Amino acid sequence: MVYNTLLQQVQDVIQHSIHNNIMQEQVEFVVEPAQRGYGDVSSNVAFLLSKRLRQSPAQIASRIVDGCHTSSEGLIKSIQAHPSGYINAYADWDKLTQIILTASTQDGYGSMTSDQSCIVEHTSVNPNKALHIGHARNVIVGDVISRILKKAGYTVKVLNYIDDLGLQVADIVLGFKHLKYDMESPLGVKFDAYCGDTVYVNTNIQYETHPELLDIRNRILYNIEQGDTDDARMAEQITRQVLAAQLETCWNLGVSYDILNFESHIVLSGMWHEIFDRLKSMKITKFETKGENTGCWVINDKVLVRSNGTATYMAKDIPYAAWKVGIIPDPFKYVEYEGQPGSTLYQTTLQDGADMSFNVDMVITVIDSRQSNLQNIITNILADMGSKKYIHLGYEAVTLSRKTATGMGIDTDGQAQMSGRRGIYVGVDAVYKALYDNAHHETSKRNPKLDSHALHLISHALSVATLRYEMIRQDLGRAITFDMDTSTRLDGDTAPYILYSYARACRILERVPNFDHNCTPNLNEQKERELLRLLSMYPLVIRDATSNLSPKVVARYCHDLAVAFNAFYESCTIIGSGKYESGRLYLTEAFSIVMYNALSVLGIDAPHKM
RNA sequence: GGGCCCGUAGCUCAGUAUGGAUAGAGUGUUGGACUUCUAAUCCAAUGGUCAAGGGAUCGAAGCCCUUCGGGCCCGCCA
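Along each chain, the written sequence defines residue order, and numbers are assigned to residues from 1. Labels follow written order: the first chain is A, the first ligand is 1, and so on. This being a predicted model, a pLDDT of at least 70 is required before a residue's local features are given, and a value of 80 or more before pairs of side-chain atoms are given or counted; all residues contribute to the totals for chains, interfaces and linings. The side-chain numbers reported here are obtained from all heavy atoms of the structure, hydrogens and water having been left aside.

As a further point, take the packing of aromatic side chains. Any aromatic ring pair is given by two values, namely how distant the centres are and how the planes are angled relative to each other. We call Phe, Tyr and Trp rings a pair once their centres come within 6.5 Å, taking the six-membered ring for Trp, and we label the pair stacked below 30 degrees between planes, edge-to-face above 60, and tilted otherwise. Under the counting rule described, the total for this entry stands at 20 aromatic pairs. Geometrically, the ring pair formed by Tyr 161 and Tyr 320 is stacked, given 4.8 Å between the ring centres and 25 degrees between the ring planes. Residue Tyr 161 is found in strand β6 (residues 155–162), and its partner Tyr 320 is found in helix α12 (residues 313–325); the two are separated by 159 residues along the sequence. Tyr 320 carries the same exposure label as Tyr 161, and that label is buried. Summarising the aromatic geometry, the rings of Phe 287 and Trp 297 are spaced 5.3 Å apart at their centres and angled 55 degrees between planes, so their arrangement reads as tilted. Of this pair, Phe 287 sits in strand β8 (residues 286–287) while Trp 297 sits in strand β9 (residues 297–299), placing them 10 residues apart in sequence. You can call Phe 287 partly exposed: its relative accessible area is 42%. Whether a charge lies above a ring is judged from NZ of Lys or CZ of Arg, which has to be within 6 Å of the ring centre and within 35 degrees of the ring normal. The ring of Phe 276 has Lys 280 sitting right over it, with the charged end atom 4.1 Å from the ring centre. Here the basic side chain of Lys 280 rests over the ring of Trp 297, its NZ or CZ set 5.1 Å away from the ring centre. Only DSSP runs of H or I covering at least 4 residues are called helices, and only runs of E covering at least 2 are called strands; the numbering of each starts at the N terminus. Three exposure classes are used, based on accessible area relative to the maximum for each residue type with a 1.4 Å probe and protein chains only: buried under 20%, partly exposed in between, and exposed over 50%.

Structure, rendered in structure tokens:
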């Protein structure tokens, strides 16, 4: 860690000076990258000591600085006391430049080592409809979190939970059976979209005029849960087909999984009874004999098991969560699910298959914050049962902008909440298509000689990058208002802006593929320093993103890096700059390597040309 | 009624974890830069009582309390 080394050295030098000249006690203080114009590293230690020593921060800063001794082997060139009270250190950039260039171009730069392992569950969309843009945030946040953790050295297993039982599935079965929908989707329409847009929505409309259908739905639901019935077989056939279509969408965005967990397997495995017995014996749940919940098993006034003996939605989540944290034995075997590009995907089975081990240190469940209450209860139940591994990673939902909603013929006062049941949503596939067409148009305009395959690859990369970046660049606690027009933008704080800077660097390196890596780089311009500084910060970015489980940290870093490179590119000639050329090419190469690496943590593949 | 999230430039957002130096980007508007490594770029100007009030602090956008505004959750639905 290049920058960390510098920070550490400054910290040590200040610590020594305080110890020798000011006081014996240890003091906690912060050493951080400096703001622009104040050197390279700053410390606020003088402020902290001000009260205790009854002196002004400026006085203390001078005393500390006077006692600082920097060795010629270190990375610090000088340390100064600023009148404000800050202590600012200036790095020895001749040394630092060489170190940064060497480190950042090495394999695995930014990676951390860890013996920890974790599960990340995300996506988990009911298999009765296509993914909408709200689901996309879940999918992409989850995918990026798993990539960040891998970069941080964790062993990561990515799970996708398929709720192939339940009311939404019964709705679809009823639609096909009783409302006579064709089992084939129309030509050119994906099966998931057909189920969600046509069958599911229209079935729900029918309930309003034909309430007798609700009884039929309940019977279907019962049959599905029993397994080995015609309805169950039909449900399986449909949900499998929808799942395949949904996975196609996810895979297209560069998202992959390790395990598919089926709710039907969880139910048939009998895990629920095991958990329920434990909840009862540990007195975590109690049986109500009076009040409005009479005859129910409850946890803190929340019904777990209804008076008719069936489990609620919350209850159904508990066995899976308990299995994830490993407090009940694994009843499943695993077989391959065919078709995932790049890595092997497994699915649970109750028949023959391989065994797997899921003994992990941390379990992250990506679900939007509307489910925070429920997730808190589950977290507490698991804690009561002895596991503190469970983390609910929440994020605010995606709504449609008024303009986009109106454009779809949705009547709204302001933003519109999406609803699969009512058919109010923007599908992921449709957004991808719009982004792709846009990227294709712009790319072919700029590269008229490009063949159609190359054009396709670039357009695909650009559209996936754009969608991914839109879904993670904001804080998880902030709701995203999705707008079709602003999302297809190409300038400013967008993926195309970032990718453009990378493509620029690639073109330069293509023109001069060989240069002297052993040169003494002559990189003293301010723009060059700024770029070097950012390159050296990459490991700290990965560390921050990991400890905060925050995708946006990496996204912002990529953007900052692109800004720094574009500034360097504009102000410094690279090719043909004589004694500067090798150093600048080296810097360009280091930038391209780190940028490619950082983008890959976001699941973004950067094209060499666009 | 209880709980969670948000409120920073006209608009979209960083910065709040760990309080410190002139509060930063993008977009918009206005004006500039392609004979020169891709102008999907860059430069400049413009734009702020950090929702409001109080508190603790030498020092608050950040911490504590209160209020206001916006979103979401609180079912023997899932």
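Around RNA strand B, a shell composed of 58 residues is seen, among which Tyr 38, Arg 306, Gly 477, Tyr 500 and Tyr 569 lie nearest. Neighbouring residues are identified by heavy atoms, a residue being near a molecule or strand if any of them is within 4 Å of it. In RNA strand B, atoms within 4 Å of the protein come from the sugar-phosphate backbone in 61% of cases. We call two N or O atoms a polar contact when they sit within 3.5 Å, provided that within protein one can donate a hydrogen and the other can accept it, with sequence-adjacent residues counted only if both atoms are side-chain atoms. At 2.4 Å from a phosphate oxygen of RNA strand B is found a side-chain nitrogen or oxygen belonging to Arg 306. The contact in question runs from a phosphate oxygen of RNA strand B to an N or O atom on the side chain of Gln 474, over 3.5 Å. At the level of secondary structure, the elements contributing two or more residues to the surface near RNA strand B comprise α2 (45–53), α6 (167–178), α15 (428–446), α18 (495–511) and α20 (551–571).

The next point concerns the domain arrangement of chain A. Accessible area lost upon the coming together of the parts is a frequently used measure of interface size. If you check the domain split of chain A, you get domain 1 (2–91), domain 2 (117–394) and domain 3 (429–601). One C-alpha centre belongs to domain 1, the other to domain 3; they are set 35 Å apart. Whether two residues are in contact is decided by their heavy atoms, any of which lying within 4.5 Å being enough. Facing the 6 residues of domain 1 at the interface are 6 residues of domain 3. In this description, buried area is defined as the sum, over both parts, of the accessible area (probe of 1.4 Å) that is lost when the two are combined. Buried area between domain 1 and domain 3, summed over both chains or domains, comes out near 540 Å², and the portion from carbon and sulfur atoms is 57%. By the criterion of area lost to domain 3, the three top residues of domain 1 are Tyr 3, Asn 4 and Arg 36, representing 65% of everything that side buries. We define a salt bridge as a contact between a side-chain nitrogen of Lys or Arg and a carboxyl oxygen of Asp or Glu at a distance within 4 Å. On inspection of domain 1 and its partner domain 3, the count reaches 0 salt bridges. Scanning the region where domain 1 abuts domain 3 turns up 0 residue pairs in polar contact (both at pLDDT 80 or more). It is helix α1 (residues 2–21) that contributes the most residues to the side of domain 1 that touches domain 3, 4 residues altogether. Following the grouping adopted for this structure description, the nonpolar residues are Ala, Val, Leu, Ile, Met, Phe, Trp, Tyr, Cys and Pro, the charged ones are Asp, Glu, Lys and Arg, and the polar ones are all others, Gly among them. When its residues are assigned to classes, the side of domain 1 that touches domain 3 shows 4 nonpolar, 1 polar and 1 charged. By convention here, the domain bounds are inherited from an automatic or database domain assignment.

In this fold, Ala 91 is placed in strand β4 (residues 87–91). Exposure remark for Ala 91: the relative accessible area of 5% places this residue in the buried category. When the C-alpha positions of Ala 91 and Gly 576 are compared, they lie 29 Å apart, and in sequence the two are 485 residues distant. In contact with Ala 91, not counting residues within four places along its chain, are Leu 6, Asp 40, Leu 75, Ile 76, Lys 77 and Leu 96.

It is worth spelling out the sheet that holds strand β1 (residues 31–33) at this point. Whether two strands pair comes down to DSSP finding at least two bridges between them. Taken together, 4 strands build an open sheet; the order of strands is β1-β2-β4-β3 and the sheet is antiparallel. Each of the sheet's edge strands pairs with one partner strand only, and the pair in question is β1 and β3 (76–81). Strand-to-strand, the axes of this sheet are offset by a mean angle of 25 degrees, without reference to chain direction. Pairing analysis gives 5 bridges linking β3 to β4, with the strands arranged antiparallel. Paired with Ile 79 across the two strands is Ala 89, which belongs to β4. Its contacts with the sheet put helix α3 (residues 57–66) on β3 and β4, and the angle it makes with β3 is roughly 150 degrees. Throughout, an axis means a line fitted to C-alpha atoms (over the contacting stretch in the case of helices), and angles, computed between N-to-C directions, take values from 0 to 180 degrees.

Another point: the sheet that holds β8. With antiparallel pairing, 3 strands are arranged side by side in an open sheet as β8-β9-β10. Single-partner strands in this sheet number two, and they are β8 and β10 (302–305). As judged from the 2 bridges shared by β8 and β9, these two strands associate in the antiparallel manner. Its bridge partner being in β9, Phe 287 is matched across the sheet by Trp 297.

Another aspect to go through is the confidence of the model for chain A. Considering every residue of chain A, the mean pLDDT works out to 93; 99% of them sit at 70 or more. Among the prediction metrics, the complex's ipTM stands at 0.96, with pTM recorded as 0.96. A score between 0 and 100, pLDDT records how confident the predictor is in each residue.

A few words now on helix α11 (residues 271–281). Among the residues of α11, Met 271, Trp 272, Ile 275, Phe 276 and Leu 279 are the ones counted as buried. Angularly, the buried residues of α11 cover 125 degrees about the axis, an arc narrow enough to put them on a single face. Summarising the geometry of α11, the exposed residues directed more than 90 degrees from the buried face are His 273 and Ser 281. In this fold, the buried residues of α11 make contact with α10 (263–269), β9, β10, α12 and α13 (372–384). A positive backbone phi angle near 60 degrees is found at Lys 283, which sits one or two residues after α11. This arc is taken over the directions from the axis of the helix to the C-beta atoms.

The next point concerns the pattern of salt bridges. The tally for this structure, following the rule as stated, stands at 24 salt bridges. A salt bridge links Asp 192 to Lys 190, with the shortest nitrogen-to-oxygen separation between them at 3.5 Å. What makes Asp 192 buried here is its relative accessible area of 0%. Note that Arg 473 is salt-bridged to Asp 493, the shortest N-O span being 3.8 Å. With Arg 473 in the loop between α16 (452–472) and β17 (480–482) and Asp 493 in the loop between α17 (484–487) and α18, the pair connects residues that are 20 residues apart, well separated along the chain. Among the residues examined, Arg 473 registers a relative accessible area of 22% and is labelled partly exposed. What you see here is one network of salt bridges that share partners, running through Asp 143, Arg 147 and Arg 468.

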